[in-house]
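Residues per chain, in single letters:
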Amino acid sequence: MGPKHVCVRAAVPLLALTVLLLVGLLHVDIRTLAPLLRGQAEGPPVTNIMFLKTHKTASSTVLNVLFRFAETHNLSVALPAGARFHLGYPWLFLARYVEGAERDGSWRRFNIMCSHLRFNPAEVQKVMPQDTFYFSIIRNPISQLEASFVYYRGFVPAFRAAESLDAFLAAPHAYRNRSRDLRNAYAKNNMWFDLGFDHNAPAGDGYVRARLAEVERRFQLVLIAEHFDESMVLLRHRLRWRLDDVVSFRLNARSPRSVTGLTPEGRERAKRWCALDWRLYQHFNRTFWARAHAELGARRLRSEVARLRARRRELAGLCLQDGAPKSGTQVADRRLSPYQSGDADILGYDLRPGLDNQTLRMCQRLVMPELQYTARLYALQFPEKPPKAIPFLPA
Ligand SMILES: Nc1ncnc2c1ncn2[C@@H]1O[C@H](COP(=O)(O)OS(=O)(=O)O)[C@@H](OP(=O)(O)O)[C@H]1O
């Protein structure tokens, strides 16, 4: 060890002592120094964010978190152009699908992008700043496929004729329309497809590894729907946001009676049928925990998840009638009722009556479904354009 090292080693306790003395002398709140003492990077909250909104993965709940943050911080959002509610899905994303993106022959940049799209990085980069934080969310492909089957039953040719998901998985090629109808994207490796990859590709080891490496390179974080609260804690940490920014209620959920489940055999078949998504899920489930433990440590992760849940309970008590969701068709305020699709009974929330104006606004945002919130931000951002019509709401 050289003399330089000895000096540095001696300086560390001296510095800590000086900080503590200053705290005492200047009556500085020790909590403001905590991140510094923990060696945690401090800085302003991250505000340039691209969220790849995969399907049936809790992504509407994440979208609600991002829309609320955008609205309360007056950030611009890359919203679907015209009457649409998605950014060109299932076609590969193009920058011109964003309202107001083209300006005098150049591209306008936005703070937040989180509507459904099929990832196409070169086009996304045209409308998002260089320092954008990219993240996404995935779910166990067995439950993701089951949720898709119920939700998109009437829309996806491959699903339409099948009596059940078990029947579909027993002979998927027989049901699957060979015409390469893009709507069949929901029927096989849907998350792989959303990432912009070929969802019909054979799951060869070299191919899969190369694509996984590409996802690692493009996305700073991939969250896991089954570990939603841990995911929000890690996201909050990365974005340097406040606790309330990431508290949410579960949105776009089916009532238990429209969850069909699968036989053990069907589950094994689903893993094989969606082999690319299965590899994707296994890989990112592993790296998620490795990151969460490396960045936060098990104890801090546990205590922050507990804080998040406590705050959610508090807000549920404040905002929600009966503290729980109800069948979406029975939500009293139609403006807060979620879109219903296929055989799914999608749940929504009634708010407690008698809330003061400020609390009411906050609670409305927390339970506002994707279509309504997209239309709301669109009207705020483009007041001169015709408002987006919501199919089941009178204009
Ligand atoms: N917080 C939280 N934690 C875990 N799971 C959650 C959460 N929020 C939503 N969900 C579940 O996500 C499913 C809906 O996914 P999406 O919103 O991505 O669907 S969509 O593609 O936008 O229609 C839907 O799954 P199913 O109920 O199985 O259909 C929701 O229950």
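Residues numbered from 1 in each chain as written. Predicted model: local features only at pLDDT ≥ 70, side-chain atom pairs only at ≥ 80, totals over all residues. Heavy atoms only, no water.

In the nomenclature of an unreviewed UniProt entry, the protein chain corresponds to Galactose-3-O-sulfotransferase 2 from the organism Rousettus aegyptiacus. Of the protein chain, the UniProt comment under Subcellular location (unreviewed entry) reads exactly: "Golgi apparatus membrane". (UniProt positions renumbered as here; feature names shortened; annotations may be inferred.)

A.B. asks: Could you give me a rundown of the overall build of the protein chain, with the residues and numbers involved?
C.D. replies: Within the protein chain one finds 17 helices and eight strands. Looking at the protein chain as a whole, 50% of its 395 residues are labelled buried. Intrachain contacts of the protein chain at a sequence separation of at least 6 include 71% that bridge at least 24 residues. Of the roughly 19500 Å² of accessible surface on the protein chain, 55% is carried by carbon and sulfur atoms. (Helix = DSSP H or I, 4+ residues; strand = E, 2+ residues; numbered from the N terminus. Buried < 20%, exposed > 50% of the residue type's maximum accessible area, 1.4 Å probe, protein only. Contact = heavy atoms within 4.5 Å. Areas by Shrake-Rupley, 256 points an atom, 1.4 Å probe, with all protein chains shown as cover.)

A.B. asks: Report on the confidence of the model for the protein chain, specifying residues and quantitative values.
C.D. replies: In the predicted model, the protein chain carries a mean pLDDT of 91, and the fraction of residues at 70 or more is 89%. Within the protein chain, the lowest mean pLDDT, 47, falls on helix H2 (residues 30-37), and the highest, 99, falls on strand E1 (residues 49-52). With pLDDT under 50 throughout, residues 28-33 is counted as low confidence; its partners more than four residues away or in other chains account for seven contacts. Both scores are given for the predicted complex: the pTM is 0.90, the ipTM 0.99. (pLDDT = per-residue confidence, 0-100.)

A.B. asks: Break down the site of the ligand for me, with residues and values.
C.D. replies: Residues in close proximity to the ligand total 22 residues, the closest being Lys53, Ser59, Ser60, Thr61 and Arg254. Measuring from an oxygen atom of the ligand, one finds a backbone N or O atom of Ala58 at 3.0 Å. A distance of 2.5 Å separates an oxygen atom of the ligand from a polar atom in the side chain of Ser60. Compared with its free state, where it exposes 650 Å², the ligand has 92% of that area covered by protein. Those elements that place two or more of their residues in the shell around the ligand are helix H3 (59-72) and helix H5 (141-151). (Near = heavy atom within 4 Å. Polar contact = N/O pair within 3.5 Å; in protein donor to acceptor, adjacent residues only side chain to side chain.)

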